[in-house]
Amino acid sequence: FSAVAPLLPMRVLNTEQMREADRRTTEEIGLPSVVLMENAGRQVVAALEAHFDDLATQRVAVLCGRGNNGGDGFVIARTLKQRDIEAAVFVFGPLAGVQGDARRNLDILGQVGMTVVEIPDEQAWELHYSEIAAFDVIVDAILGTGIRVPLVGLMQTLVADVNGLDIPVVSVDLPTGLSADSHDVVGEAIEAILTVTMGAPKLPLVLPPAEAHAGDLVVADVGIPGPVIDALEGPRLELITREGVRDMVAARPAESHKGDFGRVLVVAGSVGKSGAAGLAATGALKSGAGLVTVATPRSCQAVVAGYAADYMTVGLEDTPEGC
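Residues numbered from 1 in each chain as written. Predicted model: local features only at pLDDT ≥ 70, side-chain atom pairs only at ≥ 80, totals over all residues. Heavy atoms only, no water.

A word on the environment of Glu 243
As a reminder, the rule being used: Counting from the N terminus, the helices are the DSSP runs of H or I reaching at least four residues and the strands are the DSSP runs of E reaching at least two. Exposure is judged per residue with a 1.4 Å probe applied to protein chains only, and the accessible area is read against the type maximum: over 50% gives exposed, under 20% gives buried, and values in between give partly exposed.
If you trace the backbone, Glu 243 turns up in helix α9 (residues 242-248). Relative accessible area serves as the criterion here: at 29%, Glu 243 is assigned to the partly exposed category. Counting along the chain gives 36 residues from Glu 243 to Leu 207, while the straight-line C-alpha distance between them is 19 Å.

Remarks on the sheet that holds strand β13 (residues 312-316)
Selection rule: When DSSP locates at least two bridges between a pair of strands, those strands are taken to pair. For helices, the fitted axis covers only the stretch in contact; all axes are lines through C-alpha atoms, and the angles between them, taken along N-to-C directions, range from 0 to 180 degrees.
If you walk across this open sheet you meet the three strands as β11-β12-β13, and the pairing is parallel. The open sheet has two edge strands, β11 (263-267) and β13, and neither has a second partner. Within the sheet, the average angular offset between the axes of one strand and its neighbour, ignoring direction, is 20 degrees. For β11 and strand β12 (residues 291-297), the ladder comprises five bridges, and the chain directions are parallel. What sits directly across from Leu 265, in β12, is Thr 293.

A closer look at the side chain of Arg 78
Going by this rule: Think of a polar contact as two N or O atoms within 3.5 Å of one another; within protein, one of them needs to be a possible hydrogen donor and the other a possible acceptor, and neighboring residues in sequence only count if both atoms come from side chains. We call two residues contacting when some pair of their heavy atoms lies within 4.5 Å.
In this fold, Arg 78 is placed in helix α3 (residues 68-82). Within the local environment of Arg 78, its side chain forms a polar contact with the side chain of Asn 105, the two groups lying 2.9 Å apart. Beyond its immediate stretch of four places on either side in the chain, Arg 78 contacts Glu 38, Arg 42, Asn 105, Ile 108, Leu 109 and Met 114.

Quick look at the packing of aromatic side chains
Short version of the rule: Geometry of aromatic contacts follows a simple scheme: Phe, Tyr and Trp rings, the Trp one being its six-membered ring, pair when their centres are within 6.5 Å, and the pair is stacked under 30 degrees between planes, edge-to-face over 60, tilted otherwise.
In this structure the tally under the stated criterion is three aromatic pairs. Taking the centre distance of 5.7 Å and the plane angle of 55 degrees together, the rings of Phe 92 and Trp 125 count as tilted. Separated by 33 residues along the polypeptide, Phe 92 in strand β4 (residues 87-92) and Trp 125 in helix α5 (residues 122-132) bring together distant segments of the chain. A relative accessible area of 5% places Phe 92 in the buried class. Accessibility expressed as a relative area gives 1% for Trp 125, which makes it buried. When the ring of Trp 125 is compared with that of Tyr 129, the centres are 5.5 Å apart and the planes differ by 65 degrees; the resulting orientation is edge-to-face.

Description of a negative patch on the surface
Note the cut-off: Residues qualify for a patch when their relative accessible area is over 30% and they have no salt bridge, like charges being joined within 9 Å and the nonpolar side chains of Val, Leu, Ile, Met, Phe, Trp and Tyr within 5 Å. Each accessible area value is a Shrake-Rupley result obtained with a 1.4 Å probe; residue values ignore everything except the protein chains displayed when judging cover. Here, a salt bridge means any Lys or Arg side-chain nitrogen found within 4 Å of an Asp or Glu carboxyl oxygen. Lys and Arg are tallied as positive, Asp and Glu as negative. Neither His nor the chain termini are counted. Note on charges: their place is set at NZ of Lys, CZ of Arg, CG of Asp or CD of Glu.
Together, Glu 118, Asp 121, Glu 122 and Glu 126 make up a region of like negative charge exposed at the surface. Mapped onto the fold, Glu 126 is located in helix α5.

If you want it as structure tokens, here you go:
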């Protein structure tokens with residue numbers, strides 16, 4: 001897990017909250033939605049470059065839907081071309097259905113000389129499947145946060161076939177097939193090795209069983225201000241991050257002593273079950289206790305003491321069974 005611009009604490013959003021964050025950023029903050037899309041696409045390319053050392057020599061297939069997720073994909077393809085990385089765009093559904101900011105970025109692809117392959121139905125998918133199978137990396141920009149029901153038809157076939165390929169898949173915002181409103185897997189879903197999500201984590205990216213489809217997670221800053229996300233109404237779920245916890249742990253004074261930080265007595269262990277005593281004592285030390293003592297049967301005291309040198313042990317009278 002990594003964050004391009006970590007929010008502390010990092011709030012986990014559902015579909016409606018993410019939609020509202022986008023709206024407030026556009027209408028109240030004044031950052032145009034087309035700029036958010038541009039930022040999203042470029043952040044994905046940055047994540048690709050960080051993840052694949054040899055991206056410059058790879059062929060990238062960008063699979064796009066007709067909504068804003070696909071619009072992110074159009075920006076990704078254009079940005080890859082600008083970096084002289086070979087990329088091809090495949091759009092699922094009639095191109096006439098692409099509108100808004102996604103349409104603007106689709107039209108730009110034509111102006112910069114990129115070919116866009118239209119795949120409106122399963123017959124067309126069968127025709128182009130072998131072509132996509134020859135690429136080195138697949139970018140999944142097909143469906144975003146709006147899905148609520150299992151995939152059917154072309155989308156279901158597409159996801160199953162892509163998962164059957166031995167090609168790494170990088171998903172944009174969410175692996176296609178997952179719902180931002182549930183940690184459950186509602187049907188066929190892309191199995192990504194990396195997911196670049198925008199602005200904030202989503203439920204299925206941080207909770208099992210859906211998180212297994214996300215691979216490594218990057219939370220990308222696309223321009224949505226932290227206060228906008230923090231002020232959103234609705235459920236509040238926060239993700240504990242390494243950065244967030246580190247900021248809460250105060251540095252200990254240089255003149256401090258182990259006796260200044262509390263004492264813990266662990267009463268645990270028996271013959272054949274001494275591991276729990278060692279784990280509990282180590283956990284107490286890692287949690288910040290200054291002095292830790294394990295009281296354990298004499299018959300296993302030496303074993304418990306041998307696990308670590310930074311806690312003390314006291315031997316207790318034990319039963320014939322070593323308890």
